[in-house]
Amino acid sequence: MAIDFSSPGLRILPAELPQAAATPAESSAEGTFGETLKEAVGNVENLGLDAHYKVASLLQGGGADVHDAMIAVEKADLSFQLMLQVRNKVVQAYQQIAGMQF
Amino acid sequence: MSLFSLFQISGSALNAERQRAEVATSNLANAETTRTAEGGPYKRHMLTFNSQPASQFHLLLADSLGGGNTPPRGGVRVGSVVEDNTPPLQRYEPGHPDADADGYVSYPAINPVQEMVDLMGAERSYELNASAVQAAKQMIQQSLQILK
Amino acid sequence: MSLLDNPVIAALSRALDLTAQRQVLLTQNVANIDTPGYHARDIDFGQELQRALSSAEDEQGDQDEAGRPALVREVPGLVERPDGNNVNIDRESLLMGQNQLQFQTDVALLRSEFSRLQEAIQGGSTQ
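Only a predicted model underlies this, so the values are computations on that prediction, with no experimental measurement involved. (Residues numbered from 1 in each chain as written. Chains lettered and ligands numbered in written order. Predicted model: local features only at pLDDT ≥ 70, side-chain atom pairs only at ≥ 80, totals over all residues.)

Trainee: Which residues make up the overall build of chain B, and what values go with them?
Mentor: Helix and strand content of chain B: three helices and four strands. Its helices and strands in sequence order give chain B the pattern α-β-α-β-β-β-α, from N to C terminus. (Helix = DSSP H or I, 4+ residues; strand = E, 2+ residues; numbered from the N terminus.)

Trainee: Please give an account of the overall build of chain A that cites residues and values.
Mentor: Across its full length, chain A carries two helices and two strands. The secondary structure elements of chain A, listed N-terminal to C-terminal, are β-β-α-α. Across the 102 residues of chain A, 29% fall into the buried class. A sequence separation of at least 24 residues applies to 55% of the contacts in chain A between residues at least 6 apart. (Buried ≥ 20, exposed ≤ 12 C-beta atoms within 10 Å, placed from the backbone. Contact = placed C-beta atoms within 7 Å.)

Trainee: Outline the interface of chain B and chain C, listing residues and values.
Mentor: Contacts between the two partners involve 34 residues from chain B, matched on the other side by 28 residues from chain C. At the level of elements, α1 (5-29), β1 (45-51), α2 (56-65) and α3 (112-144) of chain B are the ones that each hand at least two residues to the side of chain B that touches chain C. Looking at which element gives the most residues to the side of chain B that touches chain C, the answer is α3(B), with 10 residues. Class assignment of the residues belonging to the side of chain B that touches chain C gives a composition of 17 nonpolar, 16 polar and one charged. (Nonpolar A, V, L, I, M, F, W, Y, C, P; charged D, E, K, R; others polar.)

Trainee: How would you sum up the interface of chain B and chain A? Please name residues and give values.
Mentor: Each side of the interface is counted separately: chain B has 10 residues, and chain A has 10 residues. For the side of chain B that touches chain A, the per-class residue count stands at seven nonpolar, three polar and no charged.

Trainee: Describe the domain arrangement of chain B, naming the residues involved and giving the relevant values.
Mentor: Residue and element names in this part refer to chain B. Segmentation of chain B into domains returns domain 1 (5-31 + 45-83 + 110-147) and domain 2 (32-43 + 86-109). Each partner contributes residues to the interface: domain 1 has four residues there, and domain 2 has six residues. Counted by class, the side of domain 1 that touches domain 2 contains two nonpolar, one polar and one charged residues. (Domains from an automatic or database assignment.)

Trainee: An account of the packing of helix α1 (residues 7-31) of chain C against helix α4 (residues 89-122) of chain C is needed here, citing residue identities and associated values.
Mentor: Two quantities define a packed helix pair, namely the angle between the axes and the distance from one axis to the other. Residues and elements named next belong to chain C. Two elements in contact, α1 and α4, have axes separated by 9 Å at closest approach and are oriented at 155°. By the angle between their axes, α1 is roughly antiparallel relative to α4. Helix-helix and strand crossings are classified by hand; for α1 and α4 the assignment is left-handed. In this structure, α1 contributes V8, I9, L12, A15, L16, T19, R22, Q23, L26, N29 and V30 to the contact, and α4 contributes E92, L95, M96, N99, Q102, F103, D106, L109, L110 and E113. Partitioning the contact of α1 with α4 into residue classes produces 12 nonpolar, five polar and four charged. (Axes fitted to C-alpha atoms, helices over the stretch in contact; angles between N-to-C directions. Parallel < 35°, antiparallel > 145°, perpendicular 65-115°, else oblique. Left-handed = near helix turned anticlockwise from the far one by under 90°.)

Trainee: Help me get a handle on the environment of B:Y92, residues and values and all.
Mentor: Counting through the fold element by element, B:Y92 comes out in strand β3 (residues 89-92). Sequence-distant contacts of B:Y92, that is, excluding residues within four places in its chain, are made with B:G103 and B:Y104.

Trainee: Could you give me a rundown of the packing of α1(B) against α1(C), with the residues and numbers involved?
Mentor: Contact geometry for α1(B) and α1(C): axes closest at 9 Å, N-to-C directions at 10°. On the basis of the axis angle, α1(B) is roughly parallel to α1(C). Residues B:S5, B:L6, B:I9, B:S10, B:S12 and B:A13 of α1(B) pack against C:Q23, C:V24, C:T27, C:Q28 and C:A31 of α1(C). Of the residues belonging to the contact of α1(B) with α1(C), the class tally is five nonpolar, six polar and no charged.

Trainee: An account of the confidence of the model for chain B is needed here, citing residue identities and associated values.
Mentor: Residues and elements named next belong to chain B. In this model, chain B carries a mean pLDDT of 83, and residues with pLDDT of at least 70 account for 85%. Element-level pLDDT for chain B is lowest in α2, with a mean of 49, against a maximum mean of 93 in α3. Every residue in residues 65-72 is under pLDDT 50, and counting partners more than four places away or in other chains gives 15 contacts. Reported confidences for the modelled complex are a pTM of 0.76 and an ipTM of 0.81. (pLDDT = per-residue confidence, 0-100.)

Trainee: Give me the lowdown on the confidence of the model for chain A, citing residues and values where you can.
Mentor: Confidence in the prediction for chain A averages 72 pLDDT; 68% of positions are at 70 or higher. Between residues 1-29 of chain A, whose pLDDT stays under 50, and residues either more than four places distant or in other chains, the model counts 37 contacts.

Trainee: Give me the lowdown on the environment of A:E45, citing residues and values where you can.
Mentor: Residues and elements named next belong to chain A. With respect to the element layout, E45 can be found in helix α1 (residues 24-59). By the C-beta count within 10 Å, which is 19 here, E45 ends up partly exposed. For the pair E45 and D77, spaced 32 residues apart in sequence, the C-alpha separation works out to 11 Å.

Trainee: Go over the environment of A:L37, please, and point to the residues and values.
Mentor: All names here are of chain A. With respect to the helices and strands, the residue L37 is situated in helix α1. By the C-beta count within 10 Å, which is 20 here, L37 ends up buried. Sequence separation of L37 and V86 is 49 residues, and the distance between their C-alpha atoms is 6.4 Å.

Trainee: I'd like a rundown of α3(B), residues and numbers included.
Mentor: The end-to-end C-alpha separation of α3(B) is 49 Å, in line with the 48 Å expected for 33 residues at 1.5 Å each. For α3(B), every residue scored as buried is listed here: B:D118, B:A122, B:S125, B:L128, B:N129, B:A132, B:A135, B:A136, B:M139 and B:S143. The inward-facing, buried residues of α3(B) contact α2 (66-99) of chain A, α1 of chain B together with α1 and α4 of chain C. (Expected span 1.5 Å × (residues − 1).)

Trainee: Can you break down the nonpolar core residue by residue, with the values?
Mentor: Inside soluble globular proteins, nonpolar side chains tend to come together where they are buried. Core analysis: the biggest nonpolar cluster contains 60 residues, and A:A40 and A:M83 have the highest contact counts within it. At the level of secondary structure, the elements contributing two or more residues to this core comprise α1 and α2 of chain A, α1 and α3 of chain B together with α1 and α4 of chain C. With sequence-adjacent residues up to four places away left out, A:M83 is seen in contact with A:A40, A:V41 and A:V44. (Core = buried A, V, L, I, M, F, W, Y, C linked by C-beta atoms within 7 Å.)

So this is what it looks like as structure tokens:
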């Protein structure tokens, strides 16, 4: 899984994920997970940037209010956790399938 | 609307009320001062309060822009400290060193009761604004609770 | 993700914004309690909150509403003293206390909502 360190949020590039897209049996399950994951990643980035912006303007003294920044940070944090959980599930599913012996 | 601006607003009020108290105290202390460096009796001092502009125009503008990033200041400041030009009280005391040719001494036109009332008013307002500072502090601390 | 675009969080967030705005106005009123000619100002908290709640329920929530400060007007029905000032000390103290409590409550509710989401997310992790 390639991780891009150059951007503010931790990004896991979805293109690297579906190595298991080979077999047709998995592709339907992969579609659902993949889409959810892509959505999650997109959200993480947006919320992360928003939180970043609000905290910065709070520190600069006067734009955002403390509670705005807190809420933005919490939302970003939760969406990141959500994304991690989804990713874990995808990896688990892949490993289960890859581990099957015929 | 930033909660941090509250400290500035209340701070301005604390400052203004303190000056008001100082002026009242000074007037009280000098209620019987018949001779000053400028000659003549002590002149009562008064001060004026002005609110720092939070004009309707500003409010309307902020409202129509929708973003409203610049909250109106809305604090208070002391406009000026002026001398009261009420003519001094004349009392007939021929033996007094500051008596004029007719034996009258000029005393400052200060009513101690009025100054006391003013002083108490300043104190009460000061307390109010001090608790406003506490309120602001509490609210900001509470918002930190959002993150546990 | 619909999980995080939750109307409760949006409504509470807006309520906190309104409460903060009100606190600024109340503080200004108290600061100007001795300023000649100053008239007390406030927002219509109940009405603004109502608007926030109803637009939160509406799925196509009006995004513009979210960030806007509420309309500030002069408080009606106050008596003007001889120097032109109409700030009523009791009103301001009472409302300030109420406002603080409002803020505290909303923070607690928000906190519990976030905890709930956290649990929902973490819930399936042990398998």
